[in-house]
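# Understanding the architecture of this molecule
Now for the letters of each chain:
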Amino acid sequence: MTSSEVIFNLTKDWTESMEHWHLHFFIIPSVVITVFSFIADPVVLVCIILSRPLRRETRYLLMANTLAADILFLTLNQVTLIGNAVKAKIPWLLCELFTAILVTAYSSAILTVTLMVVDTFAAVRWPLRYHNLLSPTQTHGILGMVWILCAIYPFTLMMMMQDESPHGKVPVCLALISFGFFEAKAVEGIYMYFFVSALICSFIILYCYIRLYMVTRTQGIWHSRFSRARVTVLVHGVLLLLYFAPGFVFALELFIFPRKNISQDLRVWISTVNANIFMLLPRALAPYLYGLRYREIAESLTLLLHWSRRNRENTSS
């Protein structure tokens, strides 16, 4: 079977299931969550970029990288979802490029969130040496390596499959279908890459939080039921769950995608809910649950609003 026939069959079956269950209506919550995300994500990112003190701290640079990756992911994800909803046909090569960038942005956000937990552990474990551990330049270098590391696998797959890729247009562009095509043609076990990567990051985060509790349990910060430490850990735990759960679900999607004994409708439902809701929730909640809880970011936002208001008043006068 030729590459064009494989893609035609994959997209045809997928489109029929989407139309049968009217799953295109999931674009509505997707747009709502994305708009909600764009209200705060760019604002917090700009606050960090414009504030020199914030740009000099590792934790805020890591947060800025997470927000940048989230904004890139949200933008491309929404473009592909809207294109799928209106049945716009796009070149397969462009779909592959979108898939590679989406995977890179998602992976970068996951790795950076993991580094944020490691950074918190280092700040608590070695408070006197923390500010000397990494300079802003070194942090920039680490973040650059994160992006390169996250881009290697998807772009390598894309280049490996150039000879096998069809040259026509497709009515559905989804990362699941792209990777499903790769598996069907040559590369098996792609789901293991995502599953193992997410598992390693999860173990690192779990280890850091266990060590944090062991280091701080004698300091009395956990005694109060509503102490700042408890609330912070709860907020971070919810946010981390929201970030990592869709990754594990995507690995499950890749695992069941080629299985003939799994209902096509079930696969389409899981993928649609994951792409339109679960993957978007952490990006919508992160700036509210995490970013704006920092006093420094809230103060920077206040100064930015005052500056903007003063400029408007000077312009009007």
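Notes on the structure follow. (Residues numbered from 1 in each chain as written. Predicted model: local features only at pLDDT ≥ 70, side-chain atom pairs only at ≥ 80, totals over all residues. Heavy atoms only, no water.)

### A look at the environment of L304
How we decide: Helix and strand assignments come from DSSP, with helices taken as H or I runs of at least 4 residues and strands as E runs of at least 2, each series counted from the N terminus. Think of it in three bands: residues with accessible area under 20% of the maximum for their type are buried, residues over 50% are exposed, and the middle band is partly exposed, with areas taken using a 1.4 Å probe on protein chains only. In what follows, residue pairs with any heavy atoms lying within 4.5 Å of each other are defined as contacts.
Tracing the backbone through its elements, the reader meets L304 in helix 13 (residues 295-316). Given a relative accessible area of 23%, L304 falls into the partly exposed group. The spatial distance from the C-alpha of L304 to the C-alpha of T11 is 47 Å, given a sequence separation of 293 residues. When sequence neighbours within four positions are dropped, the list of residues in contact with L304 reads V46, C47 and L50.

### Structural notes on the packing of helix 4 (residues 58-85) against helix 5 (residues 92-125)
Cut-off, in case you're wondering: Here an axis means a line fitted to C-alpha atoms, over the contact stretch when the element is a helix, while the angle between two N-to-C directions is reported on a 0 to 180 degree scale. Should an angle lie under 35 degrees it is considered roughly parallel, over 145 roughly antiparallel, and from 65 to 115 roughly perpendicular; all remaining angles are considered oblique. Should the near helix be turned counterclockwise from the far one by less than a right angle, the crossing is left-handed, whereas a clockwise turn marks it as right-handed. In this classification, the charged set is Asp, Glu, Lys and Arg, the nonpolar set is Ala, Val, Leu, Ile, Met, Phe, Trp, Tyr, Cys and Pro, and all remaining amino acids, among them Gly, are polar.
Where helix 4 contacts helix 5, the two axes come as close as 8 Å, and the packing angle between them is 155°. Classified by the angle their axes make, helix 4 and helix 5 are roughly antiparallel. Crossing angle aside, the handedness with which helix 4 passes helix 5 is left-handed. A per-class count over the contact of helix 4 with helix 5 returns 16 nonpolar, 7 polar and 3 charged.

### Here's the deal with the pattern of salt bridges
For the record, the criterion: Take a side-chain nitrogen of Lys or Arg and a carboxyl oxygen of Asp or Glu: if they are within 4 Å of each other, that pair is a salt bridge.
In total, this model carries 5 salt bridges according to the counting rule given. Linking K12 and E16 is a salt bridge whose minimum nitrogen-to-oxygen distance equals 2.9 Å. Residue K12 and its partner E16 are both found in helix 1 (residues 3-20); the two are separated by 4 residues, about one turn of the helix. For E16, a relative accessible area of 42% corresponds to the partly exposed category.

### A short note on the packing of helix 2 (residues 27-50) against helix 4
As a packed pair, helix 2 and helix 4 sit with axes 9 Å apart at the nearest point and diverge in direction by 155°. Overall, the two elements helix 2 and helix 4 adopt an arrangement that is roughly antiparallel. Relative to helix 4, the crossing made by helix 2 is left-handed. Across the contact of helix 2 with helix 4, the residue classes tally to 17 nonpolar, 5 polar and 2 charged.

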